[in-house]
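Here is how the chains run, residue by residue.
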Amino acid sequence: MITATRKPMEEILKSVEPFRKILLLGCNECVTVCHAGGRKEVALLGAALRLGRLQKGQPLEVEELTLERQCDPEYVEELARTVDQYDAVCSMACGCGVQTIAERYPALPVMPMVNTEFMGASEANGVWAERCAGCGDCVLGYTGGICPVARCSKRIFNGPCGGSTKGKCEISKDVDCAWQLIWDRLKELGQTELYSKLMEPKDWSTARDGGPRRIVREDMAL
Amino acid sequence: MKSDSNLEKVLAAGHFAVTGELGPPRGANLEAVKEKAAHLVGMVDAVNVTDNQTAVVRMASWAVSLTIKEMGLEPNYQMVCRDRNRLAMQSDILGAAALGINTMLCLSGDHPSFGDHPQAANVHDIDSIQQLAMIKRMRDEGKFLGGDDIDTPPKMFVGAAANPFGDPFELRVLRLGKKVAAGADFIQTQCIYNMERFAEYMRQAHDMGLTENTKLLAGVTPLKSAGMAKYMANRVPGMDVPKAVVDRIAGQPKEKQAEEGIKLLCEQIEQLKEMPGVAGIHLMAIEWEHRVPEIVERAGLLPRPQV
Ligand code: SF4
Ligand code: SF4
């Protein structure tokens, strides 16, 4: 899923300074799962915003709402009737949600309340870790199910580099060396021969390097 | 001969090769380069010119390579994958070849988080093994990575680095094998202090036939002080400095530690000369270029062969 973390309160307060009435908008999907922008976080931030502004002597009217999905026009349409009442939308969704709102309501300022982080998986309660960089041409089948693009600090395809130490990456003892993980898993799978094959330079045109990407499924057009 | 590289000629003639290292300055001062390089003339067969080492910005490796070439040294032009995509790499390789640079070393590069621009975007378009294969292909097949023909292919003697002490140990020789398979003409290793472990690595590499077509130069670095020994032991990722080595340097009074470091180094070089598959040494005398003549003299490595 897409992970996000809330922006620092100071930055948030600064960004809403010009406004007197806002819609604080959460999303029920990824940001709910990673506890950054669901119903609960909307309520918390709403209270903090009101209080913060009250202390400054500039009260802020905050209306709270959490959409089923903020990156989907179908749900974003729900705002059409009420949106005129607000000076701005403060979105607690990921960057996709923020932009969907901005596109649909061009006259309305949309402020992001979270920093969208990465595509991650939940490792433990309260811990999310980057697992995929969306390169558009998945190689996990050759690398023991561990991604060298997202999980090796140097995106090495024929690793590990000389900095790998005791299973950890050279950048920090807190970061696993992806190539140690890959090698361990290949051994477990009895697929060590996959390592000996030279992996060719990657075609990054399927990744962000090929320009902004779209998926068009004509079979799904209405 | 694949190139006009002096290192290639020395190795092909069967001599025990000696390469040195020179870190470019952190400014546009060419005099500083010349001063450092002057100590190395006649002392080594090639000089590695580092490329933004430890992810700190320095004068361009190709510019320093060209400068020392003009002084009669053979530059070993280092290029890291961190800072350049495949377009920039190939264009720099062509430029270097056109200027008479004949020897190159392919590296991943230290991660930017270590350097002076931890905020930098890091490229890592291709990895060091793919880079090696790319240069070999440019040279031998006259093809760019994209497939087009090169009208005048760059004639490079091309090498790679190996760290016998990184983990996992069992992958180290396999990874060396990958570099050899990708076309490494020569290999320079990370600094060696754990001789036993290195001997084991060499034995495996030799048994696998990896030293037949690729020349392996064993990396050595003089320890200047107990502080440096401890730093290398504890702070440098992928470095293996046994406690006995640290203790030996630390056991000397401060003013005698550098001398002890050189003595240890000479002993190591003697051991390396005897090790099957070791074709030479790569002497990384970090910011100690002025001591190189004394070191190579005492290690019995002079005069350097004229080939
Ligand atoms: S290879 Fe690409 S698609 Fe597959 S997990 Fe890694 S980044 Fe994601
Ligand atoms: S230590 Fe491992 S994860 Fe880190 S950059 Fe090197 S190969 Fe990649």
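Refer to the structure presented above.
A.B. asks: Let's hear about the layout of surface pockets: which residues, and what values?
C.D. replies: All names here are of chain A. In this structure, the second largest pocket spans a volume of roughly 600 Å³. In this structure, the second largest pocket is lined by 28 residues; those nearest its centre are Glu130, Val149, Ala150, Arg151 and Cys152. Elements that contribute at least two residues to the lining of the second largest pocket include exactly β7 (127–132), α6 (148–151), β9 (172–176) and α7 (178–189).

A.B. asks: Kindly report on the pattern of salt bridges, identifying the contributing residues and their values.
C.D. replies: All names here are of chain B. Using the criterion set out here, one finds 40 salt bridges over all chains in the structure. A salt bridge links arginine 304 to aspartate 45, with the shortest nitrogen-to-oxygen separation between them at 2.8 Å. One end of the pair, arginine 304, is in the segment after α12 (292–298); the other, aspartate 45, is in the loop between α2 (30–38) and β2 (46–49), with 259 residues separating them in the sequence. Across the salt bridge formed by aspartate 185 and arginine 139, the nearest N and O atoms sit 2.8 Å from each other. A residue pair is termed long-range when its members are at least 10 positions apart, and aspartate 185 in the loop between α6 (169–182) and β6 (186–191) and arginine 139 in helix α5 (residues 128–141) qualify at 46 residues.

A.B. asks: Requested: an account of the site of ligand 1, with residues and values cited.
C.D. replies: Every residue close to ligand 1 is listed here: Arg131, Cys132, Ala133, Gly134, Cys135, Cys138, Val139, Leu140, Cys147 and Val149 of chain A. Its residues assigned to classes, the shell around ligand 1 comprises eight nonpolar, one polar and one charged.

A.B. asks: So what's going on with the site of ligand 2? Which residues, and what values?
C.D. replies: All names here are of chain A. Cys152, Ser153, Lys154, Pro160, Cys161, Ser164, Cys169, Glu170, Cys177, Ala178 and Trp179 make up every residue found near ligand 2. The pocket occupied by ligand 2, as judged from atoms lying within 2 Å of grid points, is the largest cavity. Taken together, the residues of the shell around ligand 2 sort by class into seven nonpolar, two polar and two charged.

What counts, and where the lines are drawn
Residues numbered from 1 in each chain as written. Chains lettered and ligands numbered in written order. Predicted model: local features only at pLDDT ≥ 70, side-chain atom pairs only at ≥ 80, totals over all residues. Heavy atoms only, no water. 1 Å grid on protein atoms, 1.4 Å probe; cavity = no way out; pocket = protein on both sides within 12 Å on 5 of 7 lines; lining within 4 Å. Points joined across faces, edges and corners; volume = space filled by probe spheres on them. Helix = DSSP H or I, 4+ residues; strand = E, 2+ residues; numbered from the N terminus. Salt bridge = Lys/Arg side-chain N within 4 Å of Asp/Glu carboxyl O. Near = heavy atom within 4 Å. Nonpolar A, V, L, I, M, F, W, Y, C, P; charged D, E, K, R; others polar. Sits in = over half its atoms within 2 Å of the grid points.

Everything listed is a geometric property; what it means functionally is a separate question.
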